[in-house]
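Here is what each chain is made of, one letter per residue.
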2 protein chains.
Amino acid sequence: MTVPADRPQTGTQLPGLDPQLLQRVVVEGVEPEIDAGRFPIKRTPGEPVVVEADVYADGHDALAAVLLWRLQGDDAWQEAAMVPIGNDRWRARFLVSEVGWYEYTIEAWIDRFESWRLELSKKVGAGQDVGSELLEGAALARDAVSRSGGRHRADKRTLSEYARAIENEAAPLGERIARALSEDPAAAMRRHADRSRATRYERILRVLVERERARFSAWYELFPRSAGTDPTRSATFDEAAALLPYVASMGFDVLYLPPIHPIGRSFRKGRNNALTAEPQDPGSPWAIGSEDGGHMAIEPGLGTLDDFKRFVRAARRHGLEIALDIAFQASPDHPYVTEHPDWFRHRPDGTIKYAENPPKKYQDIYPFDYESADWRALWHELKQVMEFWIDHGVTIFRVDNPHTKPFGFWDWALDDIRRRHPETIFLSEAFTRPKILRRIAKGGFSQSYTYFTWRNTKAELTEYFTELTQTPVREYLRANLFANTPDILHEYLQRGGRPAFQVRLVLASTLGANYGIYSGYELAENTPVRPGSEEYLDSEKYQIKPRNFDRADSLAEMIRRLNAIRVAHPALQFDRTLAFHATDNTELICYSKRTEDASDVILVVVNLDPFHMQHGWVQVPLAAWNAAPDRTYEAIDLLSDERYYWRGEWNYVRLDPQARVAHVLELRL
Amino acid sequence: MTVPADRPQTGTQLPGLDPQLLQRVVVEGVEPEIDAGRFPIKRTPGEPVVVEADVYADGHDALAAVLLWRLQGDDAWQEAAMVPIGNDRWRARFLVSEVGWYEYTIEAWIDRFESWRLELSKKVGAGQDVGSELLEGAALARDAVSRSGGRHRADKRTLSEYARAIENEAAPLGERIARALSEDPAAAMRRHADRSRATRYERILRVLVERERARFSAWYELFPRSAGTDPTRSATFDEAAALLPYVASMGFDVLYLPPIHPIGRSFRKGRNNALTAEPQDPGSPWAIGSEDGGHMAIEPGLGTLDDFKRFVRAARRHGLEIALDIAFQASPDHPYVTEHPDWFRHRPDGTIKYAENPPKKYQDIYPFDYESADWRALWHELKQVMEFWIDHGVTIFRVDNPHTKPFGFWDWALDDIRRRHPETIFLSEAFTRPKILRRIAKGGFSQSYTYFTWRNTKAELTEYFTELTQTPVREYLRANLFANTPDILHEYLQRGGRPAFQVRLVLASTLGANYGIYSGYELAENTPVRPGSEEYLDSEKYQIKPRNFDRADSLAEMIRRLNAIRVAHPALQFDRTLAFHATDNTELICYSKRTEDASDVILVVVNLDPFHMQHGWVQVPLAAWNAAPDRTYEAIDLLSDERYYWRGEWNYVRLDPQARVAHVLELRL
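Residues numbered from 1 in each chain as written. Chains lettered and ligands numbered in written order. Predicted model: local features only at pLDDT ≥ 70, side-chain atom pairs only at ≥ 80, totals over all residues. Heavy atoms only, no water.

**Q** Whenever I open this one, the packing of aromatic side chains confuses me. Can you help?
**A** Between two aromatic rings, the relevant description is the distance of the centres plus the angle of the planes. In total, this model carries 92 aromatic pairs over all chains according to the counting rule given. The interplanar angle of 65 degrees and the centroid separation of 5.1 Å between the aromatic rings of A:Tyr336 and A:Trp343 together place this pair among those described as edge-to-face. Each member of the pair, A:Tyr336 as well as A:Trp343, carries the same accessibility label: buried. With centroids separated by 5.9 Å and ring planes inclined at 50 degrees, the aromatic side chains of B:Phe94 and B:Tyr104 adopt a geometry described as tilted. Residue B:Phe94 is found in strand 7 (residues 89–95), and its partner B:Tyr104 is found in strand 8 (residues 100–110); the two are separated by 10 residues along the sequence. (Phe/Tyr/Trp six-rings, centres within 6.5 Å; stacked < 30°, edge-to-face > 60°. Buried < 20%, exposed > 50% of the residue type's maximum accessible area, 1.4 Å probe, protein only. Helix = DSSP H or I, 4+ residues; strand = E, 2+ residues; numbered from the N terminus.)

Structure (C-alpha cells):
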C-alpha cells in the first residue's frame, strides 16, 4: 500500500517532517523475538507460533493489527488478525506446516470504521442525536469503495448500498441506526481499511522449521566397537548390526555413535585414561586420525565405508536413524597434520600445540586453529566432512564441544548445510557456562544437552525446567535430556542404584520430548573410577566393553514401555506445556504435559528418593484447567496399567522404590 | 583499526566466508538499552552511566572489553575498561559532564597476552617446563611493537626490552619467569592489543543529558488569576508577583502556571463544571483562545505580554523558574478556528468536532487534527508556540495530555527544540495506560507525572516505587510526584485531613527527587465536589479562588523544612538509590536513599495511618550496607532536629499523627 500524496499545502518549504511521523500506532515488545531478530525461533511442522506485541496509539481510536507471515521467498504475506488480550497487548498465531524458513512481522493501523462504530453505539446508548454520525459512516464506507480497486465488485456493492441506507434521511432513524451498527459492512470494511499510514514493525523475524524428529526423539548411544563379545578387538559394523533389533525393540529412534574414524596411536590413552596405552588398548574415539585416514574414513577395526553404509541401511530398516559424533579436532597422527600443518597452532620451535587447559595436557588431541591464515580452507573442509557423511546416509549429528570453536563457524556451516539438507538435525554438546550454551543453541543447533544430569532435587528440577520451558530460551533451545553419557555418571546414580536409574529414566523421558541414554544405563552400571568422580570405572572411552544385555534385571522393558507411552501420547511429544504441581512431600515431584486441546493429559509423579518409600498428596490443578473441582476421574498408570479413581485436586500417592518409583498417569478429565 | 589482509591462501574461490565470522567475541544483553537503542537514556551532568553487557567467546581465552563513549559529534571515542562481574557479565561506567547528547557502545576482543600470562602462571604453578611459553610471550610483545606505530617509542622500548629479557636463555629461568609475569609490559600490551578482529557492538546507544533541574526540582502550581483578593476578577501578573516571596520562601524551584492564554466564551463552563457559565465565570484556562488571541497571547485579565515578561524576571530574582502549561487544543473562539479551519476535524455539515469521549461531550474544546492535509503547517505552528514562550523567558513546560497527540509530534518537536534550547525541561502529564505513559516518557520528556496519587498503602508504594527506580523504566522516566493537582484530590486526603496531607507531603518530597503540590495543598483543602469524586468542590479550574495563605495551620513551614532538607542532602536529589526496608507494622513504611559513596544516608519512616498512633520496629540494612552490625549510630530527625541513638539493624519508632507523621532521619553510620 502506498502513502497517498498529501494535498498541496502551505509552507511546503517547511523542513523535517517525514510522513512516517504520521504513523500513530506503536508496535513494540514483540514476542517471540531473539536478540532483536538476529536469531530465528525454532518450530516443527504443525506447531503454532503465537505472537504477541504491545500495540497502541495516542488518543482513543480503535486499532487493528495483523500478524503477517509467509514462507521465506514468497512475495505475498499471509495475514492473521491480532486480538487484544489486555493492557495493550495483542496476540495472534499462525501454524507452520513445512520444513524450511518462515518470516513474520506485524502491521497495525487506526481502524477508523471501528472507532466510528464504537462512538456511534455509545451515543445511541446515551440517547444522543446521531444524524451527523450516520453521514460520517456513509462517507467512511464510500472511501473504502474508492480504495477497493477493480476486483472487489461485491464489496463495492455492499458498501455502497450500506452507505445509501444509513444516510437516507427518509428512512426511519431506528432502521438506519440498526443498519449502521450491523455486521453487514464489517468484512468489506476490514478488507479495504485505510492502511496508508499503518505502522509496519521495524523487523522481520524468522522461524526455522525442522522436521518432527528435531522436537521428538529417543536416543541410544552405543560404541559399535563394543558390540561384540571379545574385549581385545573392535567389533565390526556387521557385528554391531546384530544389536539393532535390541535397540529398536526398546523403541528408540536415534542410534548415536561416538566417532567412528581411525584413532591415533601417538600419545594414545590407556584404560581409565592412563597416560600411556598398552598395545591392545583401542584409544579414545575422539582422538581422530591415523595413517588409515581422518574424519572421512572409518576405523579399520569397524570395517569399511561400505560396511558403514550397510549398517546405516540396516538401522533404517529397524526404524533407527544414525547420529554421528562430530569432533573437530585431530590426533597427532591425523593426515591433516602433515597435509595442512597451518591448520594448527604452533610453538616457536614449530611443533604443534596439543589441547591444554593448564595445567592439564591432552597430548592425544590437536585442536584446529580456526583463525589461521588458511582459515577459509579449513572451515570449508570441516563443513565438507559433515556433507560427506550426509551423502553416506547420515541425517543427524551430535557435535562434540561446539563451544570450543568459533560461534561463527557453526552459524555459517549449519546454515549452509540446512539449505541443501534441511532434514539434518544437529545436537549441541556444550557443557559450559549458561550464556555460551545458549548462544550455541541460538546459532542453528536443533537440540542441546542441558544441565539435566546435575538437577536432581525437586527444587532444582522445578526451577530448571521452568526456565527451559516457560522462558524465552524455549523458543530456540530444544533440550535433549541424556540421563547419562560416557563422561557423566552422576553421583545420584552411583549412590541410588537401580531405583535411581528408574527415577532418572522416568524424569528424562517425560520431562523431555527429546531424551537419551548411553548404553549400559539399562544395566544400571554405576561404578565410578574413584569416589567423587563422575567418570565410569573402566570407561568405554578407553577400552572395548562388550555387554550382556540379556540380564533379567535390565531396565530394557521399562524403557520400552516409556518409549511406547511417548509415542502413544502426543502430550509427551512437546515440552512447551510442562507445568509443575504442588505436593506436600519434598521427595515427590509432580508435573504434567497436555496437548493444546487438553485431549491428552499426562501427569507424572516421581519419588526422588531411591532408598525409601515416600507418600503424600499431589495437586491436580483442576481449577486452572477449567475442570469441575470436585469431579471424580480416572487416572490410568501407563507404566503398570493400573487404574485409579481420583477425586478433586489433591490426591494421595505412595511410591516404594522397590516396587515402583513413579506414576505416569493418563488423566481422563 | 583495519582488518589485516589475509595471506594468500588456497581456495580463494571459496565463497561465503566473511572475515566478520572471525570475530569470536559476543557482546549482547547490553544495559541500559531502550527498545534496541531507538530511544536514549536520560541523565544530568555528573551522573554515572553504568553499562553492563554479556561478553564471552568460544574456548577459554581471556577477553578484554571497553566501553566506548563520547559527546555526539566528536570523532574520537573515550574508552573505559570493562571488568567482569560474574557469569560472563561485564561492567564499566562513564560520567556525563555536559548537557547535550552522548553516545556509547562496546568493543571486545580476545586478549592474547592476558591469555598467555594466565596459562604461563598456571604452568609455572604446576612446575611445568615453560621454555617455549616464554618464547611465545616474547613474540607477542614484538607483535605489539610492530602494531604500535610511530608515536609510541616508550612503549616500543619497554616491550622490546621485555621480549629480550624473557627469551634470554642465558638468564636464570626464575628471573625470566618473574619478569614474564610482572606488570612491566601490561599497560603497553593493553595499549597495543590486537583489535583487528574485535567485536563492535552492533548499535550505538545514546544519552540525553539535561540540566540538573530536570532531575531535582520542587514545583508549586499556582493559578495567577487567583493571586488577588477579589473572586470576581482575575488578578494580574503584577498582583501575582506579590506571591513570589511566599512561594520562594517555601523553597520551591519551579512555579507552574496553568494556561495563561485568552479563554474562550462559547460553551464556557461555569462553576463546578456547570454546562453554562454565568457572566462573570472566568472559564477553564484550558479552553484556550478568544478574540483576544490564542496560544501566543495573554488572557487580558492577567495583563500584557510585557507584564508577563516582568513576572518571569521577578520570579527569577526569587530563584523561581516559570513553567507554562502546554495544552494543544482550542476553544471554539480561538483564532485558528477561522484562520485555519482545516486544522480541525469536521462533520459532514462542515461544523468542527469538539472533544468527545462518548457519551461525554466537551463543547468548549476543539482538538487539533494532527493528520490533516495541512499537518505540516499545524505541527510547525505548535512547535512555534513553545519557541515563542522560550523566547519570552520560559524554560519549563508542563504538557497537558500529550497522549492524545501523535507520539511522533512530540518526538519531533521536543528533539528539535532541545537542539537549540537544550536547557528546556518538559513534564508529561499522561495519566493513561502504562505502556502509553512510558512511550511518552521515552520520547523526550524530561519528567513524567506518575500513578503516585493512587498509591497509598505500604504495599502499593513499595511495589510501584521499586518498579520506577529499580527496573529499566528508570533510565528514561523521571517521576515528578505531585501530591495533588487541580484534577486530583485523592480520597486519602479527603478522609485523612491535615495529617494525611503531611504524610503525602513527606512521601512526595522524599520518594521523588522531583515533586510538586498545587496551591491550597498547604491549607489542607480537601472537600470534593461530591462524595466519591476526586474533583475539588468549587474547583479553581472554573472559578477564581483567592486564598489566605497566612493561616496558622498552614503546612508552609513543613514544606519549607522539607525543601531545605532536600537541598542540604544530596541523597534526596536522586531516585536511583531508593530502597525499601522491612518494618513489622503494615502502617509503617521505611525507605532510604544514599549517595553513591554513602556519605549521605537518609532514612524515612512514615506512618501511613493519619488517624492513629502507630509504632513498631524498622530495619536499617546494616549488613547489606557493609556496616558493622551491632554498632550504635546517630539518627538525626531532620524534621524536628531531635537526635536518637540507634543500635543495630532493628530500631523502634512511634509516630502519632497528632504530633508527627514521619521521621526523616540522617543516619551517621
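**Q** Help me understand helix 3 (residues 153–167) of chain A, please; the structure alone is not making it clear to me.
**A** Structural remark: α-helix, 3.6 residues per turn; residues separated by three or four positions point the same way. Residue and element names in this part refer to chain A. A rise of 1.5 Å per residue sets the reference length of helix 3, with its 15 residues, at 21 Å; its end C-alpha atoms lie 21 Å apart and thus fit the reference within 8%. Every buried residue of helix 3 is accounted for by Asp155, Leu159, Tyr162, Ala163 and Ile166. Down the axis, helix 3 shows its buried residues gathered within 100 degrees of arc, on one side only. Exposed residues pointing more than 90 degrees away from the buried face of helix 3 are listed as Arg153 and Arg157. (Expected span 1.5 Å × (residues − 1). Arc of directions from axis to C-beta.)

**Q** Help me understand the confidence of the model for chain A in this model?
**A** Caution applies to low-pLDDT parts of the model: their predicted coordinates are not meant to be read in detail. Here chain A averages 95 in pLDDT, and 98% of its residues register 70 or above. Below a pLDDT of 50 lies the segment residues 1–12 of chain A, which in the model reaches 14 contacts outside its immediate sequence neighbourhood of four places, other chains included. (pLDDT = per-residue confidence, 0-100. Contact = heavy atoms within 4.5 Å.)

**Q** How do you make sense of the relation of the copies chain B and chain A when you look at a structure like this?
**A** Both copies of the chain are related by a screw-like operation: a rotation about an axis and a shift along it. Superposing chain B onto chain A takes a rotation of 180 degrees plus a shift of 0.0 Å along the axis, which leaves an RMSD of 0.0 Å. Those values place the two copies in the arrangement expected of a two-fold rotation axis. Among all residues of chain B, the one whose C-alpha sits closest to the rotation axis is B:Ala36, at a distance of 3.4 Å. Most of the interface of chain B is mirrored in chain A: 100% of its interface residues are interface residues there too. (Least-squares fit on C-alpha atoms with pLDDT ≥ 70 in both.)

**Q** So what exactly am I meant to see when it comes to the sheet that holds strand 18 (residues 396–400) of chain A here?
**A** Adjacent strands of a sheet pair through backbone hydrogen bonds, lying either parallel or antiparallel. All names here are of chain A. An order of 20-19-18-13-12-11-22-21 is seen for the 8 strands of this open sheet, with the pairing classed as parallel. The open sheet is flanked by strand 20 (447–448) and strand 21 (480–482), the only strands paired with a single partner. Pairing analysis gives 4 bridges linking strand 12 (residues 254–257) to strand 13 (residues 321–326), with the strands arranged parallel. By the bridge assignment, Leu255 is partnered in strand 13 with Ile322. Helix-sheet contacts for helix 10 (residues 375–391) involve strand 13, strand 18 and strand 19 (425–429), and the interaxial angle to strand 18 is about 150 degrees. Across the face of the sheet, helix 14 (residues 491–511) comes into contact with strand 21 and strand 22 (514–518) while running at roughly 150 degrees to strand 22. (Pairing = 2+ DSSP bridges. Axes fitted to C-alpha atoms, helices over the stretch in contact; angles between N-to-C directions.)

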